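This is what each chain is made of:
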Amino acid sequence: MRVSSNVTYNDFIKNLNRNAVKVQKTLNQLASLKEVSQSSDNPLLVSKIMNLNVALGQNATYAQEIKDSISWSDTQDGALSSVGESMARIRTLIQASGTATAGKDEIGANKNEIQQEIRSLVDSLNTNFDGRYVFAGQKTDTVPFSVKEDPVSGDVIGINYHGSDPGKQLVREISDGVTIELVTDGKKMMQDADGNDLSDFFNDVMTALNAGEDGDKEALSGELMERLDKFSSNFVDNRTHIGAVANRLKSAGARNETEKISLTQSLSDRQDVDIAEKYMEYQNQMLGYQTTMAMGTKIMQTTILDYVR
């Protein structure tokens, strides 16, 4: 069967264009260091790359949420450490006021210091992180605590709570479908295991200190000390709970980092070019392109004389 020159030329041009396209594509990959530059290059691969980029974005969001939550918990732990110191000092002062040798002047001095410690305790509970109050429940933009003063004497007789309703904690999403509750319910900090309120306790302390010339010794040395220990234990329990939350967050952070490495590796395997392999591929394609050009030169030089020899 005779093959016309026109067919030969067309096949040559087709092969030349095909090789040129391959060379150009490989050059683009080497220049960008990416396997694909547009969706039409490989729709399935592009879809996988887009999904991996979305997953990495979500991973980064969760990582930041975990980091903020850990800092939040650390801030709470520091605040409750200061609260514990204030409660310990208040205990010492109440105990000293309840001794038989404590007179009017000593009790008066102790009462003033107890009021200052209550104010210090309120300051600690009003600690904020990044402009958000850590013990205000879900109302993080509201100052949660304030001292309650006697309108006549001006004595500090308790603590007011202005946070969200009891039981309302702050919820954070740390992974896809996984949430954690930060211990932010300030009202819970104010109550012992029996549901008694710390504000009422401080009011009773002031009443006992103001009773008679030398205060109510029996209450100061007995009942009030027992009640104070329960409130102190409640602060310790909440601090322990916060520590457990912080440990869980740190574990979540480690898993998040592992997931990030895995996703990054998967994305690199699909998206990034192996330069050595791609350069070898380019060399082979150039060899094919140059060979096609060389053969084309011979074909294009064919004339009528080649057929009449």
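Residues numbered from 1 in each chain as written. Predicted model: local features only at pLDDT ≥ 70, side-chain atom pairs only at ≥ 80, totals over all residues. Heavy atoms only, no water.

- The protein chain is annotated in an unreviewed UniProt entry as Flagellar hook-associated protein FlgL of Candidatus Enterococcus avicola.
- Among the UniProt annotations of the protein chain, the heading Sequence similarities (unreviewed entry) holds the following wording: "Belongs to the bacterial flagellin family." (UniProt positions renumbered as here; feature names shortened; annotations may be inferred.)

1. Concerning the overall build of the protein chain
Here is step 1 of the chain: A tally of regular secondary structure across the protein chain gives 9 helices and 6 strands.
Here is step 2 of the chain: The burial tally for the protein chain puts 35% of its 309 residues in the buried class.
Here is step 3 of the chain: Intrachain contacts of the protein chain at a sequence separation of at least 6 include 71% that bridge at least 24 residues.
Here is step 4 of the chain: Element-wise, carbon and sulfur atoms account for 50% of the exposed surface of the protein chain, whose accessible area totals about 17,600 Å². (Helix = DSSP H or I, 4+ residues; strand = E, 2+ residues; numbered from the N terminus. Buried < 20%, exposed > 50% of the residue type's maximum accessible area, 1.4 Å probe, protein only. Contact = heavy atoms within 4.5 Å. Areas by Shrake-Rupley, 256 points an atom, 1.4 Å probe, with all protein chains shown as cover.)

2. Here's the deal with the pattern of salt bridges
Pairing is possible between side chains of opposite charge, provided their charged atoms come close.
Here is step 1 of the chain: Under the counting rule described, the total for this entry stands at 10 salt bridges.
Here is step 2 of the chain: Where glutamate 113 meets arginine 89, a salt bridge forms, and the shortest distance between an N and an O atom there is 2.7 Å. Here glutamate 113 is found in helix α3 (residues 104-125), whereas its partner arginine 89 is found in helix α2 (residues 43-97), with 24 residues between them in sequence.
Here is step 3 of the chain: Judged by relative accessible area, arginine 89 falls into the partly exposed class, the value being 33%. (Salt bridge = Lys/Arg side-chain N within 4 Å of Asp/Glu carboxyl O.)

3. Let's talk about the pairing of strand β3 (residues 145-149)
Here is step 1 of the chain: Pairing of β3 with strand β4 (residues 156-161), which is carried by 5 bridges, proceeds in the antiparallel orientation. The partner of phenylalanine 145 across the bridge, within β4, is tyrosine 161.
Here is step 2 of the chain: The turn joining β3 and β4, which pair antiparallel and follow one another in sequence, is formed by 6 residues; a positive phi near 80° is taken by glycine 154. (Pairing = 2+ DSSP bridges.)

4. Points about the pairing of strand β6 (residues 178-182)
Here is step 1 of the chain: Sheet analysis places strand β5 (residues 170-175) next to β6, joined by 5 bridges and oriented antiparallel. Bridged to leucine 170 within β6 is leucine 182.
Here is step 2 of the chain: What sits between the antiparallel neighbours β5 and β6 is a turn of 2 residues, in which glycine 177 has the positive phi angle 80°.

5. Re α3
Here is step 1 of the chain: For α3, which comprises 22 residues, the first-to-last C-alpha distance of 31 Å matches the rise-based estimate of 32 Å (1.5 Å per residue) to within 8%.
Here is step 2 of the chain: Contacts made by the buried residues of α3 are with α2, β3, β4, α5 (198-210), α6 (217-221) and α7 (223-271). (Expected span 1.5 Å × (residues − 1).)

6. Considerations on the environment of leucine 56
Here is step 1 of the chain: In this structure, leucine 56 sits in helix α2.
Here is step 2 of the chain: Not counting the four nearest positions on each side in its chain, leucine 56 is found in contact with Lys260, Leu263, Thr264 and Leu267.

7. Quick look at unusual backbone geometry
Here is step 1 of the chain: Notably, aspartate 130 is not glycine yet its phi reads approximately 55°, a positive angle.
Here is step 2 of the chain: Along the chain, aspartate 130 turns up in the loop between β1 (128-129) and β2 (132-133).
Here is step 3 of the chain: Residue class for aspartate 130 comes out exposed when judged on its relative accessible area of 64%.

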